[in-house]
Amino acid sequence: MRRRHSAEEEADGVLGGEIGAVARAITAIENDLPAGHHVLNRVFPHTGTAHMIGITGPPGAGKSTLVNELIRSYRAGGAKVAVLAIDPSSPLTGGATLGDRIRMLEWHNEPDVFVRSMASRRFGGGLAQHTLTVAHIFDAAGFDPIFIETVGTGQDEVGIASLAHSTVVVQVPGLGDGVQTLKAGALEIGDIIVVSKGDRPDAQALARDLRRLQTLHDREDSPDDRWNPPIVMTSAIEQTGFDKLSAAIRSHKEWLQQSGTWEVRVRTMLATEISSRVQRDLMRRIQSQSVNQDAAINAVLARQMSPLAAADRLLESLSNR
Ligand SMILES: Nc1nc2c(ncn2[C@@H]2O[C@H](COP(=O)(O)OP(=O)(O)OP(=O)(O)O)[C@@H](O)[C@H]2O)c(=O)[nH]1
Ligand SMILES: [Mg+2]
């Protein structure tokens, strides 16, 4: 029979790197259970060191393959590595199931590698919050680095960038025309740009395009100590580029720390986590007052109240509770 664990025991378990405790804490956070909050409250003072690395790019771009290679590289240096794969649960993924998306990560029996998939549809708008909150648990358990794999659609790029200290944007050849905005968006948020599937014939052309776009984006007045996002080409088939990629990630971390940008990013990440939580909870509280909401909608429908006044009234009803 399964024994219940106290929050204190669970927190000690997480801090001691016990896989069972880590898994239970994450599940509790995912399901918004009080147990998750209690454990997080206790372990949070012991977090703040792990390097969080976002890996984003279109569906099927080769993100998981890349993460797999990066795990290998960090493991060789003795690191404990965690991966959080966010399943967008949207038709945009091309129907890939969670199983497919993590199949390439063959680390089941490695205690120092923890791979976890989360379905974003369960978060109801709290993607950023849930992702970062789970990452704190990994951090507390001594995992460093922590990879966060997300499917980028070309629109939510900015949000994705505030989930991590370093953002790796994966670009893939062969998407055809109409990817210009995707490329520009990628350049805006990418600390490191990867051209994956470098074995494909059109990979060189894509790298050239990206380099050209990058020069256009370059500003003459930028300070000397600015980070210049490198463009790295990788191929899983030819086994090339991964050393260069992991070196680039490590030097980005160094640059973050030396330039003081690390603290700036951490502040952004935590602010995003907090405000994402507040927004979600406010929405939930408004929705739970469906009587008020219905009355407000009806009043707007009858043109007795403007939509803005209705929104004001709903917010007021929350603070008057
Ligand atoms: N030719 C070639 N194929 C690759 C390379 N890397 C990955 N692939 C293939 O591309 C497909 C998708 O790879 P994944 O690593 O699962 O891509 P992903 O971006 O994680 O996919 P989603 O998580 O579903 O968005 C697989 O069939 C891989 O075998 C590469 O370097 N060259
Ligand atoms: Mg994947």
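I will try to describe carefully the structure that is included in this document.

Parameters and conventions
- Along each chain, residues carry numbers from 1 onward, in the same order as the chain's sequence is written.
- As a convention, the first chain written is A and the first ligand written is 1, with the rest following in written order.
- It should be noted that, the model being predicted, local features are given only for residues of pLDDT at least 70 and side-chain atom pairs only at 80 or more, the latter also being counted only at that level, while totals for whole chains, interfaces and linings use all residues.
- Excluded from the side-chain calculation are hydrogens and water; included are all heavy atoms of the structure.
- For Na, K and Ca the donor cut-off is 3.2 Å; for every other metal, N, O and S atoms count as donors within 2.8 Å. Water does not enter the count, which can leave sites looking incomplete.
- Put simply, DSSP marks the helices as runs of H or I at least four residues long and the strands as runs of E at least two long, and each gets a number from the N terminus on.
- A simple rule labels every residue: compare its accessible area, found with a 1.4 Å probe on the protein chains alone, to the largest value its type can have, and call it buried under 20%, exposed over 50%, or partly exposed in between.
- Pairing of aromatic rings covers Phe, Tyr and the six-membered ring of Trp, with a centre-to-centre limit of 6.5 Å; geometry is then stacked below 30 degrees between planes, edge-to-face above 60, and tilted otherwise.
- Charges are assigned to positions over rings by a cutoff of 6 Å between ring centre and Lys NZ or Arg CZ, combined with an angular limit of 35 degrees from the ring normal.
- For our purposes a nonpolar core is just a set of buried Ala, Val, Leu, Ile, Met, Phe, Trp, Tyr and Cys residues, chained together by side-chain atoms within 4.5 Å.
- These domain boundaries are the output of an automatic or database domain assignment.
- Any pair of residues with heavy atoms lying within 4.5 Å of one another is described as a contacting pair.
- What makes two strands pair is DSSP finding at least two bridges between them.

1. Examining the coordination of the magnesium ion (ligand 2)
Coordination sphere of the magnesium ion (ligand 2), protein contribution only: S64 (OG) and E149 (OE), at 2.1 Å. Placement of the pair is S64 in helix α4 (residues 63-76) and E149 in strand β4 (residues 146-151), with a sequence separation of 85 residues. Per residue, the accessibility class of S64 equals that of E149, and both read buried.

2. As for the packing of aromatic side chains
A complete count under the given rule lists five aromatic pairs for this structure. Where F138 meets F143, the ring centres are 5.7 Å apart and the plane angle is 80°; that geometry is what we call edge-to-face. Classification of F138 as buried rests on a relative accessible area of 0%. Ring geometry for W227 and W255: centres 5.9 Å apart, planes at 45°, overall tilted. Placement of the pair is W227 in the loop between α9 (203-217) and β7 (231-233) and W255 in helix α10 (residues 242-259), with a sequence separation of 28 residues. For W227, a relative accessible area of 17% gives the class buried. An aromatic cluster is defined as three or more aromatic residues linked by ring pairs; in this entry it consists of F114, F138 and F143. One cation-aromatic arrangement involves K80 over F143; the distance from NZ or CZ to the ring centre is 4.5 Å. Of note, R250 hangs over the ring of Y74, and the distance from its end group to the ring centre comes to 4.2 Å.

3. Some thoughts on the environment of Q289
Checked against the element boundaries, Q289 lands in the loop between α11 (261-288) and α12 (290-301). A relative accessible area of 13% places Q289 in the buried class. Considering only alpha carbons, one finds Q289 and L318, 29 residues apart in sequence, at a separation of 8.9 Å.

4. Topic: the nonpolar core
Residues V14, V43, I137, F138 and I146 are the most contacted members of the largest nonpolar core, which totals 30 residues. Elements that contribute at least two residues to this core include exactly α1 (7-15), α2 (19-30), α3 (34-43), β2 (81-87), β3 (113-119), α6 (127-140) and β4. The element contributing the most residues to this core is α6, with six residues. Looking at which domains feed residues into this core, each of domain 1 (1-46) and domain 2 (48-261) gives three or more. Setting aside residues up to four positions removed in sequence, I146 forms contacts with A50, H51, M52, I53, A82, A135, F138 and D139.

5. Some details on the pairing of strand β5 (residues 166-171)
Most of β5 sits inside the fold, with six of its six residues counted as buried. Burial of β5 is two-sided: the residues S166, V168 and V170 facing one way and the residues T167, V169 and Q171 facing the other way are all buried. For strand β1 (residues 52-57) and β5, the ladder comprises four bridges, and the chain directions are parallel. In the strand pairing of β5, I53 is matched with S166. The pairing of β5 with strand β6 (residues 192-195) spans four bridges and is parallel.

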